[in-house]
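# Inside the fold
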Amino acid sequence: MEPIREKLKNILQQVLDQEIDRLADEMTAADFPDWDSLAHLNIVVAIERAFQIRFAAAEISKLKQPGQNIGSFLGLIAQKAPPQ
């Protein structure tokens, strides 16, 4: 999962326009001050392009719900992404 984590970290850095030192599973959108609703959509689009996957509308909504974190996001990407 490390290549996926690194790719996600790079996407977050680009979309949020901030340096990210580490990307831990327990982190949430709240840990990133600029991760608002618009940034969330931009992150989703960037991930879909980078990994050549598509998220269902329900999956996109669920990602911002309580209990969801970077680990959840990475797991979903890993399920959908073609083998690296």
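Everything below is about the structure printed above this text.
Residues numbered from 1 in each chain as written. Predicted model: local features only at pLDDT ≥ 70, side-chain atom pairs only at ≥ 80, totals over all residues. Heavy atoms only, no water.

### Things to note about the overall build of the chain
Rule in force here: Secondary structure elements are defined from DSSP: runs of H or I of at least 4 residues count as helices, runs of E of at least 2 residues count as strands, and each element is numbered from the N terminus. As defined in this context, the radius of gyration uses C-alpha atoms, and a globule is described by 2.2 Å times the residue total to the power 0.38. Whether a residue is buried, partly exposed or exposed follows from its accessible area with a 1.4 Å probe, protein chains only, as a fraction of its type maximum: under 20%, in between, or over 50%, in that order. Contact criterion: two residues are considered in contact whenever any of their non-hydrogen atoms come within 4.5 Å of each other. Only the protein chains shown count as cover for residues, and the accessible areas themselves come from Shrake-Rupley with a 1.4 Å probe. Counted as positive: Lys and Arg. Counted as negative: Asp and Glu, with His and the chain ends omitted from the count. For charged residues, the charge sits on one atom: NZ in Lys, CZ in Arg, CG in Asp, CD in Glu.
Looking only at helices and strands, the chain features four helices and zero strands. What you see in the chain, going N to C, is helices and strands ordered as α-α-α-α. In terms of overall size, the chain behaves like a compact globule, its C-alpha atoms giving a radius of gyration of 12 Å where 84 residues would be expected to give roughly 12 Å. Considering only C-alpha atoms, the chain reaches an extent of 30 × 25 × 20 Å along its principal axes. A burial count over the chain gives 38% of its 84 residues as buried. A separation threshold of at least 6 residues defines the contact pool for the chain, and within that pool the share at least 24 residues apart is 59%. Surface exposure of the chain reaches about 5100 Å², of which carbon and sulfur atoms provide 49%. Charged side chains of the chain number 9 positive and 12 negative; the gap between the two group centres comes to 8 Å.

### Side note on helix α2 (residues 37-51)
Going by this rule: Each residue after the first adds 1.5 Å to the expected span of a helix. Counted as a polar contact is a pair of N or O atoms within 3.5 Å, where, for protein atoms, one must be capable of donating a hydrogen and the other of accepting one, and residues adjacent in sequence contribute only when both atoms are in side chains.
Helix length check: α2, at 15 residues, gives a terminal C-alpha distance of 21 Å against a target of 21 Å (1.5 Å per residue), a fit within 8%. Considered for burial, the residues of α2 that qualify are A39, H40, I43, V44, I47, E48 and F51. N-cap assignment for α2: the residue whose side-chain oxygen lies 3.3 Å from the backbone N of L38 is D36. Remark: Q52 follows α2 within two positions and exhibits a positive phi of approximately 55 degrees.

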